[in-house]
Amino acid sequence: MNPTLTQFGAQMSKLTGVRAIMKDINETLRAGKSREFINLSAGNPVILPEVEQLWRNCTAELLSSAEYGEVVCRYGSSQGYRPLIEAVLNDFNPRYGLTLTDRNILITPGSQALYFLAANALGGYTQAGELKEIVLPLSPDYTGYGGVTLIPEALRAYRPTLELGPDPHRFKYRPDFSQLEITEKTGFVLFSRPCNPTGNVLTDDEVNRISALAAPYNAPIFIDSAYAPPFPALNYADMTPIFGANRVHCMSLSKAGLPGERIGIAIGDANVIQVLESFQTNLCIHSSRYGQAIAAIAIASGALADVSLTVIRPHYQGKFTTLETTLDEAMPKTVPWRLHRAEGAIFAWLWLQDLPMTDWQFYQELKQCGVIVVPGSPFFPGLREDWLHTQQCFRISLTATKEEIAAALRRLAKLVDDVYRQSEVSDRPPQNQVETGCQV
Ligand SMILES: Cc1ncc(COP(=O)(O)O)c(C=O)c1O
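Procedures and definitions
Residues numbered from 1 in each chain as written. Predicted model: local features only at pLDDT ≥ 70, side-chain atom pairs only at ≥ 80, totals over all residues. Helix = DSSP H or I, 4+ residues; strand = E, 2+ residues; numbered from the N terminus. Rg over C-alpha atoms; globule rule 2.2 N^0.38 Å. Buried ≥ 20, exposed ≤ 12 C-beta atoms within 10 Å, placed from the backbone. Contact = placed C-beta atoms within 7 Å. Near = placed C-beta within 6 Å. Nonpolar A, V, L, I, M, F, W, Y, C, P; charged D, E, K, R; others polar. Domains from an automatic or database assignment. Pairing = 2+ DSSP bridges. Core = buried A, V, L, I, M, F, W, Y, C linked by C-beta atoms within 7 Å. Axes fitted to C-alpha atoms, helices over the stretch in contact; angles between N-to-C directions. Parallel < 35°, antiparallel > 145°, perpendicular 65-115°, else oblique. Left-handed = near helix turned anticlockwise from the far one by under 90°. Arc of directions from axis to C-beta.

Peer 1: Residue-level account of the overall build of the chain, with values.
Peer 2: In terms of regular secondary structure, the chain is built from twelve helices and 16 strands. Its C-alpha atoms give the chain a radius of gyration of 23 Å, within 12% of the compact-globule value 22 Å for 440 residues. Principal-axis analysis of the C-alpha atoms places the extent of the chain at approximately 75 × 55 × 55 Å. A total of 440 residues make up the chain; the buried ones form 46% of that total. By sequence separation, contacts in the chain at least 24 residues apart represent 75% of the contacts at least 6 residues apart.

Shown next as structure tokens:
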């Protein structure tokens, strides 16, 4: 059958951003059965034994409790499972000196769903026909934002400034306040902190400036805290979540070991929460209560915050150290490569300045060396201007083993050397040319 799709149907049945590349990666892995690839593209978190055990224990506790039937055999409130909402209040109010009530909290089926609700309740055309924009103040950012709006023209991202050094091979993105436009056209602002793909953490000052710019226009600021403290606490630089005023703090339990259960948590102004809750009721009624129930147990006991600090954060931070050390040792000194400063998340972001090919071409060459990373261009959803930088970056996942990361990056460094040398000699007579790539 080939039914006629609506505009929304056509829009939503397209694979966007990194999901389109994942198709190529999965086909490569399938086709290359005889060939061992080191896959540094994965976004799925590592199954850490201590974390798995925590969820197993919570499940055992739920199974043996009188509450079990209430949890899985009944519908519940769209706002979320009451013991989970209470566990969040009892954790966050004393931890951050807040006075949140249950009206400030909404549980969603994963945080991607939360951004879908926000994108279509607060972005797009108003009843008066005005376009309200979804502002991404610092591009690159999470590729999934490219797929959440039914109105693609609503998404607008801004190019950042690049802070270079002090190390010649490091850099950091900063919001460019001289370009950023937050106006009466802004529906809401959205950014990840720590950021997927770059690991960037916007400073408190930057977050407060963005919130202050949006406040006069009644525009909420959704802070995607999928990697933030207190869980999964995947921040390597000091950071404190910022609540209140027009900010909506958005959490995910996916990187705290529960991606399969789909738990997102929004904490914000009661009116904004109410709008999202009604939207959710229409969409899917509520998130799975089994996942919510085990999350309630893990948060109420303090075990989730503990395992985040003692197991999850050190695991990925150790991987980042391996990656950084390997690149510093193996990368050619003369090539202008730069790694984004490691401030959080489960990825590294590599910028190959003046790369003499596109990110997609380099990704293909690297596959010939048996290594898969993610080309950077899909991580600039909503950016409307041409910017060569978008084709010079790569996201490298920290989910492989340290040995795999080190081996893969040595191969990447060799390819970088070949590719830049090739471009240097390409103007010379053919007999001086070097061969690029591994062709193994
Ligand atoms: C920054 C960011 N936001 C949101 C999500 C979506 O997470 P969830 O599993 O909660 O839908 C991800 C997933 O990788 C992410 O990296």
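Peer 1: Quick one: what's the story with the site of the ligand, residue by residue and with numbers?
Peer 2: The ligand sits among 14 residues. The nearest are G110, S111, Q112, S252 and S254. Across the shell around the ligand, the residue classes break down as three nonpolar, ten polar and one charged.

Peer 1: So what about the domain arrangement of the chain? Which residues, and what values?
Peer 2: By domain assignment, the chain separates into domain 1 (7–47 + 307–420) and domain 2 (49–304). In this structure, domain 1 and domain 2 have C-alpha centres spaced 25 Å apart. Looking at the side of domain 1 that touches domain 2, the elements with two or more residues in it are α1 (7–12), α2 (17–31), α10 (303–330), β12 (337–340) and β13 (347–352). It is α10 that provides the largest number of residues to the side of domain 1 that touches domain 2, a total of eight residues.

Peer 1: So what's going on with the sheet that holds strand β6 (residues 161–164)? Residues and values would help.
Peer 2: Pairing within the open sheet is mixed, and its six strands lie in the order β6-β7-β12-β13-β16-β15. On the outer flanks of this sheet lie β6 and β15 (374–375), each paired with one strand and no other.

Peer 1: Could you give an account of the nonpolar core, with specific residues and numbers?
Peer 2: V189, A348 and L350 are the most contacted members of the largest nonpolar core, which has 121 residues in total. Look past the residues within four positions of L350 in its chain and what remains in contact with it is W337, L339, C393, F394 and I396.

Peer 1: Which residues make up the packing of helix α5 (residues 82–96) against helix α9 (residues 289–300), and what values go with them?
Peer 2: α9 packs onto α5 with a crossing angle of 25° between their chain directions and a minimal axis gap of 8 Å. Put simply, α5 runs roughly parallel to α9. Of the two elements, α5 crosses α9, and the hand of that crossing is left-handed. On α9, the residues touching P83, L84, A87, V88, N90 and D91 of α5 are Q292, A295, A296, I299 and A300.

Peer 1: Please provide a residue-by-residue account of helix α7 (residues 204–214), values included.
Peer 2: Where α7 is concerned, the buried positions are V207, I210, S211, L213 and A214. Along α7, the residues classed as buried sweep out an arc of 160° about the axis, all on the same side. Considering only its buried residues, α7 is in contact with β8 (186–192), β9 (221–224) and β10 (247–252).

Peer 1: Tell me what's going on with the pairing of β10, and back it up with residues and numbers.
Peer 2: The buried fraction of β10 amounts to six of the six residues, a majority that puts the element mostly inside the structure. Both faces of β10 are covered, namely the face carrying R247, H249 and M251 and the face carrying V248, C250 and S252. Here four bridges tie β9 to β10, and the two strands are oriented parallel to one another. Across the sheet, residue F222 finds its bridge partner in β10, namely V248.

Peer 1: How would you sum up the pairing of strand β7 (residues 170–174)? Please name residues and give values.
Peer 2: With four bridges connecting them, β6 and β7 associate as antiparallel partners. Within β7, the residue paired with T161 across the bridge is R174. Hairpin connection between β6 and β7: a loop of five residues separates the two successive antiparallel strands, and G165 in this loop has a positive phi of roughly 80°.

Peer 1: So what's going on with the environment of R421? Residues and values would help.
Peer 2: Of note, R421 is situated in helix α12 (residues 402–425). Spatially, the C-alpha atoms of R421 and T101 are 61 Å apart, while their sequence positions differ by 320 residues.

Peer 1: Which residues make up the packing of helix α3 (residues 49–63) against α10, and what values go with them?
Peer 2: When two helices pack together, you describe them by how their axes are tilted relative to each other and by the distance separating the axes. Where α3 meets α10, the closest approach of the two axes is 10 Å, and the angle between their N-to-C directions is 165°. Between α3 and α10, the interaxial angle falls into the category roughly antiparallel. Our pair here, α3 against α10, has a crossing hand that is right-handed. Contacts between α3 and α10 pair E50, V51 and L54 from the former with A303, V307, V311 and I312 from the latter. By residue class, the composition of the contact of α3 with α10 is six nonpolar, no polar and one charged.

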